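Chain by chain, the residues run as shown.
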Amino acid sequence: MKRSTIVILIIVLALLAIFLIIGASGSSDPDVRYNYEDNAVDGFMGKYGYEKAKEGYVFVIVTIHAYNDRADSVSMSPLTWAWRVQAGGIEYSSDISTFSHPLYKTGKILKGYHERFVIVFQIPQQYASNYTIKEDYQWGYEKVVRDTSIVV
């Protein structure tokens with residue numbers, strides 16, 4: 001191998017090592033902080049009228065209050081906040097009625113701002129007081145953590 005090729009290879013490897021070290025030693029502070037509350041209800045006043053859960057079911061309304069402290073932007077999409085509700089051995093995805101809820105928002109929270117938004121689920125009524133929220137934030141590199149001091 002030519003000497004110039006070896007020198008270039010060494011420089012590239014050194015730069016790669018520096019970037020890896022900088023990335024690994026990044027701040028432990030979160031980019032996004034959030035808290036949430038959840039309520040099981042028979043229905044709610046939606047944007048287009050009263051939304052009632054289907055027969056034998058209840059809505060679980062999860063209200064999220066997120067603060068974007070450091071990321072350029074954070075999506076409020078229920079696809080990004082890919083939460084689930086587990087009840088009776090089944091994991092439920094968000095319900096279409098999410099889009100009708102008055103606190104449903106689309107778009108992004110910009111750096112330095114905060115916003116409240118919702119994700120709505122439908123689960124069998126028999127589990128209205130016995131379900132578990134499964135939190136998951138996808139598609140981003142942001143460090144997202146729950147902060148129970150945030151008032152929802």
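To keep things clear, this report deals only with the structure shown in the data block. Not measured: the values here are computed from a predicted model.

Okay, the overall build of the protein next. For the protein, the helix and strand inventory stands at one helix and 11 strands. Secondary structure of the protein in N-to-C order comes out as α-β-β-β-β-β-β-β-β-β-β-β. Here the protein, with 152 residues, has 35% of them falling under the buried criterion. Looking at the protein alone, contacts between residues at least 24 apart form 78% of all its contacts between residues at least 6 apart. Counting every atom, the protein has about 9500 Å² of accessible surface; 56% of that belongs to carbon and sulfur.

Counted under the stated rule, the structure contains four salt bridges. When the shortest N-O distance is used, the salt bridge between D31 and R70 registers 3.1 Å. Of this pair, D31 sits in the loop between α1 (3-24) and β1 (32-41) while R70 sits in the loop between β4 (57-68) and β5 (73-75); the two residues are 39 residues apart in sequence, bridging distant segments of the chain. On the basis of relative accessibility, which here comes to 36%, the residue R70 falls in the partly exposed class. A salt bridge links K105 to E115; the nearest nitrogen and oxygen atoms lie 3.2 Å apart. With a gap of 10 residues between them, K105 in the loop between β7 (90-92) and β8 (108-110) and E115 in strand β9 (residues 114-124) connect regions that are remote in the sequence.

The next point concerns the sheet that holds strand β6 (residues 84-87). Ordered in space as β7-β6-β10, the three strands form an open sheet in which the pairing is antiparallel. With partners counted over all chains shown, the strands left at the sheet margins are β7 and β10 (132-134), one partner each. The mean angle between the axes of side-by-side strands here comes to 30°, regardless of whether they run parallel or antiparallel. The pairing of β6 with β7 spans three bridges and is classified as antiparallel. In the sheet register, Q86 faces β7, and the bridge partner there is E91.

What counts and how
- Residues numbered from 1 in each chain as written.
- Predicted model: local features only at pLDDT ≥ 70, side-chain atom pairs only at ≥ 80, totals over all residues.
- Heavy atoms only, no water.
- Helix = DSSP H or I, 4+ residues; strand = E, 2+ residues; numbered from the N terminus.
- Buried < 20%, exposed > 50% of the residue type's maximum accessible area, 1.4 Å probe, protein only.
- Contact = heavy atoms within 4.5 Å.
- Areas by Shrake-Rupley, 256 points an atom, 1.4 Å probe, with all protein chains shown as cover.
- Salt bridge = Lys/Arg side-chain N within 4 Å of Asp/Glu carboxyl O.
- Pairing = 2+ DSSP bridges.
- Axes fitted to C-alpha atoms, helices over the stretch in contact; angles between N-to-C directions.

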